[in-house]
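Spelled out from the first residue to the last, the chains are:
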Amino acid sequence: RNHAGEIYSMLLSDKSAVSPLPQAYITALVRLVCSELLDPLRESTTTYMEKTFRSALNACHGTIIAVVKTRAVPSYLSDGVVLQAPLDIAAAVARHLSETMDTSAEHALNATTALLKGMISSDGITVFNKKGCLVAYNCFVSSRDKVAGKFVIGGARARAYEALRPRVGKTL
């Protein structure tokens, strides 16, 4: 960020920068995470989560976020921390919006924000459903050595991405 408040991103890589920066995809991701919420809660939760995701992703060293289509976490993502009770971000936003004089809802929302940021920053895959809930984090998948007959090049995130890619549109 420069003196005028403008943000510049510099990617130190030998790959050409032909695709948008990762930040460009946050709005679409958050809309998907909130897609099964009803208005007006959907709008408020989307705004809150977009701000929180931007902050979390700016602070972490990289992450993979998956959005599941079902209520249950798929078995291939169960090697991690599957929450018994999902972290219901939408409910925390709703409580905050309904409380006018009591600060406990604001404190609860701040605590939810801290948890959310910490879980996104942890190693592994962070898993959300479409109702504004974080359902699992620190999840790992078995990676494939080859995709279409070619060895997967890269680190753990690249291999995890390649392992998840065939599931997009099915369970993710």
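Residues numbered from 1 in each chain as written. Predicted model: local features only at pLDDT ≥ 70, side-chain atom pairs only at ≥ 80, totals over all residues. Heavy atoms only, no water.

## Here's the deal with the packing of aromatic side chains
One pass over the structure, following the stated rule, counts one aromatic pair. Pairing F53 with F128 gives two aromatic rings, centres 5.3 Å apart and planes at 45°, and the pair type is tilted. Placement of the pair is F53 in helix 2 (residues 41–59) and F128 in strand 3 (residues 125–128), with a sequence separation of 75 residues. Residue classification places F128 among the buried positions, given a relative accessible area of 0%. (Phe/Tyr/Trp six-rings, centres within 6.5 Å; stacked < 30°, edge-to-face > 60°. Helix = DSSP H or I, 4+ residues; strand = E, 2+ residues; numbered from the N terminus. Buried < 20%, exposed > 50% of the residue type's maximum accessible area, 1.4 Å probe, protein only.)

## Things to note about the nonpolar core
Residues M49, F53, I89, L116, I120, F128 and L134 are the most contacted members of the largest nonpolar core, which totals 23 residues. Within the residue set of this core, elements represented by two or more residues are helix 1 (26–33), helix 2, strand 1 (64–67), helix 3 (89–98) and helix 4 (104–121). Beyond its immediate stretch of four places on either side in the chain, L116 contacts T52, F53, L87, I89, F128 and L134. (Core = buried A, V, L, I, M, F, W, Y, C linked by side-chain atoms within 4.5 Å. Contact = heavy atoms within 4.5 Å.)

## Comments concerning the sheet that holds strand 4 (residues 133–140)
Hydrogen bonds between backbone groups are what pair the strands of a sheet, and the pairing can be parallel or antiparallel. Overall, mixed pairing links the four strands, which are arranged 1-3-4-2 in an open sheet. The open sheet has two edge strands with one neighbour each: strand 1 and strand 2 (79–88). Direction aside, the axes of adjacent strands within the sheet are offset by 20° on average. Relative to strand 3, strand 1 is paired through four bridges, and the arrangement is parallel. By the bridge assignment, V67 is partnered in strand 3 with F128. (Pairing = 2+ DSSP bridges. Axes fitted to C-alpha atoms, helices over the stretch in contact; angles between N-to-C directions.)

## Points about helix 4
Taking 1.5 Å as the rise per residue, helix 4 with 18 residues should run 26 Å; its terminal C-alpha atoms sit 26 Å apart, in good agreement. Among all positions of helix 4, only A105, L109, T112, T113, L116, M119 and I120 are buried. Seen end-on, helix 4 carries its buried residues on one side only, within an arc spanning 135°. Opposite the buried face of helix 4, by more than 90 degrees, sit the exposed residues H107 and A114. (Expected span 1.5 Å × (residues − 1). Arc of directions from axis to C-beta.)

## A few points about the packing of helix 2 against helix 3
Axes are the key here: two packed helices are described by the angle between their axes and the distance separating the axes. Axis separation between helix 2 and helix 3 bottoms out at 9 Å; the angle between their running directions is 105°. With respect to helix 3, the axis of helix 2 lies roughly perpendicular. Of the residues in helix 3, those in contact with L41, S44, T45, Y48 and M49 of helix 2 are I89, A90, V93, A94 and L97. Tallied by class, the residues present in the contact of helix 2 with helix 3 amount to eight nonpolar, two polar and no charged. (Parallel < 35°, antiparallel > 145°, perpendicular 65-115°, else oblique. Nonpolar A, V, L, I, M, F, W, Y, C, P; charged D, E, K, R; others polar.)

## What to know about the packing of helix 3 against helix 4
Where helix 3 contacts helix 4, the axes come no closer than 8 Å and their chain directions differ by 155°. By the angle between their axes, helix 3 is roughly antiparallel relative to helix 4. Pair helix 3 / helix 4 crosses with left-handed handedness. Of the residues in helix 4, those in contact with I89, A92, V93, R95 and H96 of helix 3 are A105, E106, L109, T112 and L116. When its residues are assigned to classes, the contact of helix 3 with helix 4 shows six nonpolar, two polar and two charged. (Left-handed = near helix turned anticlockwise from the far one by under 90°.)

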